[in-house]
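Coordinates in review
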Amino acid sequence: MARALVVYESVFGDARAIAYAIADGLSASLAADVLAAAEAPAEIGADVGLLVVGGPNHAFGMPRPSTREGAVTQHGAVIADTTTGLHEWLQSVRVPRTGLAAAAFDTRSSGHRMLVKMDHAARTEEKLLGKLGARIVAPAAHFFVADTTGPLVDGEEDRARTWGRSLVGLADFRAVS
Ligand SMILES: Cc1cc2nc3c(=O)[nH]c(=O)nc-3n(C[C@H](O)[C@H](O)[C@H](O)COP(=O)(O)O)c2cc1C
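In the annotation of an unreviewed UniProt entry, the entry for the chain reads Flavodoxin family protein, and the organism field reads Pseudonocardia yuanmonensis.

Printed below as a string of structure tokens:
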């Protein structure tokens, strides 16, 4: 039976909350595991039929060591290891098959509409998924935080739950035994 795997990076807990809400939506039809990128396996199991990944926008893109350090020094974040996260995991993880169904999300600030348009974390996640041979099954979803350290804007977890539920119908699990 196919499972879903949601892998996230989160500094202040917002992308983590979105990851769990997505898994909640998925779990109506599919067992769904949620893991931080730091704890995610080096090789995705053969029983995974859908991979969802996401994290925050940092300096318009995916977090990287320098922006994680910025989160610590400028915003008081506590990060055990600033050298690694979702980007680094996606660069090294092994996938069970080409064509693995996948989708990406990010979290971003709700202010400065013009600046937010430049955010491209989810687009980079999709590119990295593509390099793994994964098949993107839905347009990336973007979830909004009220401020740098959160909280999520009202209703975003519900929206994530609905998005998760919708992914089940779009993924094709025939490749999974
Ligand atoms: C170093 C740093 C850079 C950021 N740069 C951006 C940015 O370019 N665009 C944006 O929309 N939000 C930016 N933010 C706000 C983050 O998107 C926000 O902190 C994040 O979505 C919250 O998710 P998290 O709680 O999972 O970390 C930045 C935050 C930090 C700490």
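Still more ground to cover, so stick around.
Re the layout of surface pockets
In this structure, the largest pocket occupies an estimated 580 Å³ of space. Lining of the largest pocket is provided by 27 residues; of these, Asn57, His58, Ala59, Ser109 and Thr148 occupy positions nearest its centre. Put simply, the parts of the chain that give the lining of the largest pocket at least two residues each are helix H1 (14-26), helix H2 (65-75), strand S4 (101-109) and helix H4 (113-116). Along the lines of polarity and charge, the residues of the lining of the largest pocket split into 10 nonpolar, 14 polar and 3 charged. In terms of lining residues, the second largest pocket is bounded by 16 residues, among which Glu9, Ser10, Ala36, Ala38 and Ile79 are the most central. Taken together, the residues of the lining of the second largest pocket break down into 8 nonpolar, 4 polar and 4 charged.

Things to note about the pairing of strand S2 (residues 31-36)
Taken together, the 6 bridges between strand S1 (residues 3-8) and S2 define a ladder with parallel strand orientation. In the sheet register, Leu5 faces S2, and the bridge partner there is Asp33. With H1 bridging S1 and its parallel neighbour S2, the resulting β-α-β unit is right-handed.

Overview of the site of the ligand
With respect to spatial proximity, 20 residues lie near the ligand, and among them Ser10, Asp14, Phe60, Asp119 and Thr148 are the closest. Contact distances for the ligand include 2.8 Å between an oxygen atom and a backbone N or O atom of Ala15. Look at the ligand: alone it shows 620 Å² of surface, and the protein chains cover 90% of it. The cavity that encloses the ligand is the largest pocket.

Looking at the packing of aromatic side chains
The geometry of an aromatic ring pair comes down to the distance between the two centres and the angle between the two planes. Under the definition given, this model contains 2 aromatic pairs. On the basis of an interplanar angle of 70° and a centroid distance of 6.2 Å, the ring pair of Phe105 and Phe143 is categorised as edge-to-face. Here the residue Phe105 occupies a position in strand S4, and Phe143 occupies one in strand S6 (residues 141-145), the gap between them amounting to 38 residues. Comparing Phe105 with Phe143, the two get one shared label, buried. Ring plane angle 70° and centroid distance 6.3 Å describe the contact between Phe143 and Trp163, whose orientation is recorded as edge-to-face. A residue pair is termed long-range when its members are at least 10 positions apart, and Phe143 in strand S6 and Trp163 in helix H6 (residues 156-170) qualify at 20 residues.

Here we look at the pattern of salt bridges
Evaluated as defined, the whole model comprises 8 salt bridges. Where Asp33 meets Arg3, a salt bridge forms, and the shortest distance between an N and an O atom there is 2.9 Å. Here Asp33 is found in strand S2, whereas its partner Arg3 is found in strand S1, with 30 residues between them in sequence. Looking at Asp33, the relative accessible area reads 31%, which means it is partly exposed. By relative accessible area, Arg3 is classed as partly exposed at 28%.

Section: the packing of H1 against H6
Packing of H1 against H6 brings their axes to within 7 Å, and their N-to-C directions diverge by 45°. Judged by the inter-axis angle, H1 sits oblique to H6. You can see that H1 and H6 cross each other, and the crossing is right-handed. In contact with Ala17, Ile18, Ala21, Ile22, Asp24, Gly25 and Leu26 of H1, H6 contributes Glu156, Glu157, Ala160, Arg161, Trp163, Gly164, Arg165, Leu167 and Val168.

What counts and how
- Here, residues in each chain are numbered from 1, in the same order as that chain's written sequence.
- Given that this is a predicted model, residues contribute local features only at a pLDDT of at least 70 and side-chain atom pairs are listed and counted only at 80 or more, while totals for whole chains, interfaces and linings are drawn from all residues.
- Each side-chain value is worked out from all heavy atoms of the structure, with water and hydrogens disregarded.
- The distinction between a cavity and a pocket rests on a 1 Å grid over the protein atoms alone: a 1.4 Å probe fits inside a cavity but cannot get out, while a pocket stays open yet meets protein on both sides within 12 Å along at least five of seven lines, and a residue with an atom within 4 Å of a point counts as lining.
- Grid points are joined across faces, edges and corners, and a volume is the space filled by probe spheres set on the points.
- Helix numbers and strand numbers start at the N terminus; a helix is a DSSP run of H or I with at least 4 residues, a strand a run of E with at least 2.
- Under the scheme applied, nonpolar residues are Ala, Val, Leu, Ile, Met, Phe, Trp, Tyr, Cys and Pro; charged residues are Asp, Glu, Lys and Arg; polar residues are all the others, including Gly.
- Being paired, for any two strands, means DSSP has found at least two bridges between them.
- Convention used here: a crossover is right-handed provided that the path from the first strand, over the helix, to the second strand proceeds clockwise when the strands point away from the viewer.
- In these notes, residues near a molecule or strand are those with any non-hydrogen atom within 4 Å of it.
- Under this definition, polar contacts are N or O atom pairs within 3.5 Å; protein pairs additionally need one hydrogen-donor-capable and one acceptor-capable atom, and for neighbouring residues in sequence, both atoms have to be side-chain atoms.
- Per-residue and other accessible areas were derived by the Shrake-Rupley procedure at a 1.4 Å probe size, with only the shown protein chains allowed to occlude residues.
- A molecule is said to be in a cavity or pocket once over half of its atoms fall within 2 Å of that pocket's grid points.
- Each Phe, Tyr or Trp ring, with Trp reduced to its six-membered ring, pairs with another whose centre is within 6.5 Å; inter-plane angles below 30 degrees give stacked pairs, above 60 give edge-to-face pairs, and intermediate values give tilted ones.
- Each residue gets one of three labels from its accessible area relative to the maximum for its type: buried under 20%, exposed over 50%, partly exposed in between, using a 1.4 Å probe on protein chains only.
- The salt bridge criterion pairs a side-chain nitrogen of Lys or Arg with a carboxyl oxygen of Asp or Glu, the two atoms within 4 Å.
- Working convention: axes come from line fits to C-alpha atoms, limited for helices to the stretch in contact. Angles between N-to-C directions cover 0 to 180 degrees.
- Orientation is classified from the angle alone, with under 35 degrees giving roughly parallel, over 145 giving roughly antiparallel, 65 to 115 giving roughly perpendicular, and any other angle giving oblique.
- Whether a crossing is left-handed or right-handed is set by the direction in which the near helix is turned from the far one by less than a right angle, anticlockwise for left-handed and clockwise for right-handed.
- By definition, residues are in contact when any of their heavy atoms lie within 4.5 Å.

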